[in-house]
Amino acid sequence: MSDDFEKQADDLLRELGMSASGSSAPPPPPPPPPPTGPQGPPKPAKAVTVNIPGKQSSPKTVTVNKDASATSADFDEARKEINAMFDSVLDVAAKKPSRVPPAKAPKPQRPAQTFEVTAKKVAAPPQRNSPPPTQVSTFSVSIRPKKLDKTKLERFERLMGGGAVQDGVPVRKQQQPTQQQQPKQQQQQTPIYDKLATKQPTQPPAPPPAAPIEITTTREQSPPAPVALVAFGPGLESFEVNSAGTFQVSCPHDTKEHDLEFQVKGPTGTKPVKIVDLGNGQFSASYTPSMAGEYTVSLKVKGEPVPGSPFSVNVQYASFTDQCIAEGPGLISAVTGQPATFKVFFREDAIAARLNVQVLGASKAEPIEVEEIPDENGFNVFYHPRAPGDYSVRVLWGDAHVKGSPFNVPITGENINDPKRVHVHGAGLNGGEVNEWLKFFVTPGIAAGPGPLKMQMSGPNKPQMVVDDPTEEGFPCIFKVTFPGEYLLYIFWGEEEILDSPFTINITGEPPAVDVTKCIASGSGISTGTVGEKAVFSVKVNEGAGPGPLAVQVSGPHPPQPIELANKEDNVMEVSYNPVAPGEYQVFVTWGEQNIPGSPFQVTVVGVAQRDASKVIAEGDPLESGLKCNHPGFLTVRALEGAGPGPLRAKLEGPEKGEMTLTRNADNSMLVSVTCSVPGEYKLGLSWGDTDEAANICGSPFTLKVQ
């Protein structure tokens, strides 16, 4: 075969997406050797020219070696050899090339047979009684062959010397072999393009779309492998006191910290456990015991105990604590106001600087004093408790407790305070502006005692005051007032005032605007009332009313006590009082010291006064030691809760009429003054409300001796 013909075949194969370049397929098989027989050796070959259509319009010539006496059968034999060569070329082209096509071929390689596939997901229909643990995915797939280029197929048909194209698929035109060639042609291999025609049946033109093919794939979702609960570490076995007992817990991967329940109990009670989430179900935990002994560690994960839980842990003293021993009455009991003492002994080779004593309890028990005893190779320790209670005395040698520590020591006695040792400092004592938070500190010094701290502030307006937990600087105190003026700050430590109390604090600025029209009172308690029944009304404080405060006062025949105010929702204040006597009363309601609209309100109270003279008492020196002529004697009469409205009536009988005066004190008690100028025995009658005997107060009439 000539080089020109091979080039045309390669070009056509590349345009069809098939190339034999670089293929590892074996070359076409050589033609069979000439037959030998009785006729003798083969005759010399003779060149015969065969015209085969080529790529160009003019025919191309291929020269084959034929016998000089070639016939039409010989011509057919040459054509078969050419077909065999093309079959070999197409076989090579059908295989995947082992290297990149030459640069002359611009189009990418593609397989000889191409299909277009379209897929879409279709919801699987529900099935009855189907097990739920599997997931089913259903796809609908349509497949149809992709037609090759018509022009290239026609050129392929001309080059092959015949054939046809049906529905985009090449079909080789079959030649009718002669009788001599028929058996031999049946033994030859079917050409590649004949195989394509055999594999792809002819379809009628414009077939309808192929029906969707449902492909069902099933994938079982297996559960994750179980993870065993495992806990391990020295914190679950044994370790030394005052060191961290650590352990780890392995849990399922989805375990969170809130699923864990870790609890440690020992001689001193429950110990806090610190938990660190390491991720992927792994957790690290630790706790630090302050005393040796047996501890119980309980571990639960999602309510289930960890295998081995609860764990018994033996916490031991450090190996060097046997170098120090503590003993003495101050480790057994003590009394407030008296120093508590005990001794600490250590070995000769021990370092004394390792000793550390701590006292925890109702007071700081300071100062804690340590006095060396050189002859006994030890120390005397003194501490001063100033409040009764249970104390914990911790004796440490380095970072570890000595044997028996911490010691539980009960302290008896009374609180011992020294207000002179309490100091106050801070910028808030110098004053400031209205509506500004001012701060100062109250610092109790050593031996100041347990307190407690109490404060009171008086001035034009009631301040807001907050006392926080103590720090190194003392108790932080902050306050704010809304009215300018001079305020007095009283500070008490226990029941006594500290030095320099009260402190004068000046507040400057403009007073806040008060709009009493924004306050509205409503309810039956500002118009009517009944003896023995609670009178109630409310005051609505709307936005823009100012800072207030709200104040209520009732005046009349017998002002009721007490008057109660309660905060409700939506800026509403509820006011209630209990009238104990009928009559006309006035109810004053003020906001920011100004009467709100309608104040004072006129209230009519009906009913019968309720009195109980037995709940009125009298006391004073004249009732016990008598009086001296022309010297006044004073008695105090108090009406207890439930006594009723009164009033108090007094009557004196004796050698002469005498003189009496009744005065109301600030606390609503009555002061009775009696003066007699003639010695003798007098009868003083005191009644509550009426003058009959049933109205006599407790002990009335009283006997007074005048000397």
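Calculation notes
- Residues numbered from 1 in each chain as written.
- Predicted model: local features only at pLDDT ≥ 70, side-chain atom pairs only at ≥ 80, totals over all residues.
- Heavy atoms only, no water.
- Helix = DSSP H or I, 4+ residues; strand = E, 2+ residues; numbered from the N terminus.
- Buried < 20%, exposed > 50% of the residue type's maximum accessible area, 1.4 Å probe, protein only.
- Contact = heavy atoms within 4.5 Å.
- Areas by Shrake-Rupley, 256 points an atom, 1.4 Å probe, with all protein chains shown as cover.
- Core = buried A, V, L, I, M, F, W, Y, C linked by side-chain atoms within 4.5 Å.
- Pairing = 2+ DSSP bridges.
- Axes fitted to C-alpha atoms, helices over the stretch in contact; angles between N-to-C directions.

1. Here's the deal with the overall build of the chain
Moving on, step 1. When helices and strands are counted, the chain shows six helices and 51 strands.
Moving on, step 2. A total of 707 residues make up the chain; the buried ones form 34% of that total.
Moving on, step 3. The long-range share in the chain, meaning contacts at least 24 apart out of those at least 6 apart in sequence, stands at 64%.
Moving on, step 4. Here the chain has roughly 42200 Å² of accessible surface; of this, 52% comes from carbon and sulfur atoms.

2. Some words on the nonpolar core
Moving on, step 1. Among the nonpolar cores identified, the biggest contains 26 residues, and F537, V539, V587, V589 and W591 are the most heavily contacted of them.
Moving on, step 2. Listing elements by their share of this core, those giving two or more residues are β36 (519-522), β38 (535-541), β39 (550-555), β41 (572-577), β42 (583-591) and β44 (601-606).
Moving on, step 3. Sequence-distant contacts of V587, defined by excluding residues within four places in its chain, comprise G525, F537, V552, Q553, V554, Y577, S599, P600, F601 and V603.
Moving on, step 4. Of all hydrophobic cores here, the second largest spans 24 residues; its members include A326, V381, A387 and W397.

3. A word on the sheet that holds strand β22 (residues 369-373)
Moving on, step 1. Taken in spatial order, the four strands make up an open sheet running β18-β20-β23-β22, and their pairing is antiparallel. Since the sheet does not close on itself, it has two edges, and those belong to β18 (324-327) and β22, each with one partner. The mean angle between the axes of side-by-side strands here comes to 20 degrees, regardless of whether they run parallel or antiparallel.
Moving on, step 2. Relative to strand β20 (residues 340-346), β18 is paired through four bridges, and the arrangement is antiparallel. The residue bridging E327 from the neighbouring strand is K343, located in β20.

4. Some remarks on the environment of G509
Moving on, step 1. Relative to the elements of secondary structure, G509 occurs in the loop between β35 (503-508) and β36.
Moving on, step 2. As a C-alpha pair, G509 and F483 span 26 residues in sequence and 7.9 Å in three-dimensional space.
Moving on, step 3. Apart from the residues lying within four places of it in its own chain, the contact partners of G509 are E433, V434 and P484.

5. So, the pairing of strand β15 (residues 293-301)
Moving on, step 1. Note that strand β11 (residues 260-266) and β15 share six bridges and pair antiparallel. Each bridged residue has a counterpart across the sheet, and for V264 the counterpart in β15 is V297.
Moving on, step 2. Both β15 and strand β17 (residues 311-316) contribute to a ladder of five bridges, which runs antiparallel. Paired with T296 across the two strands is S312, which belongs to β17.
Moving on, step 3. Joining the antiparallel neighbours β15 and strand β16 (residues 304-305) is a turn of two residues, in which K302 adopts a positive phi near 55 degrees.

Without other data, these values stay purely geometric and don't point to any function.
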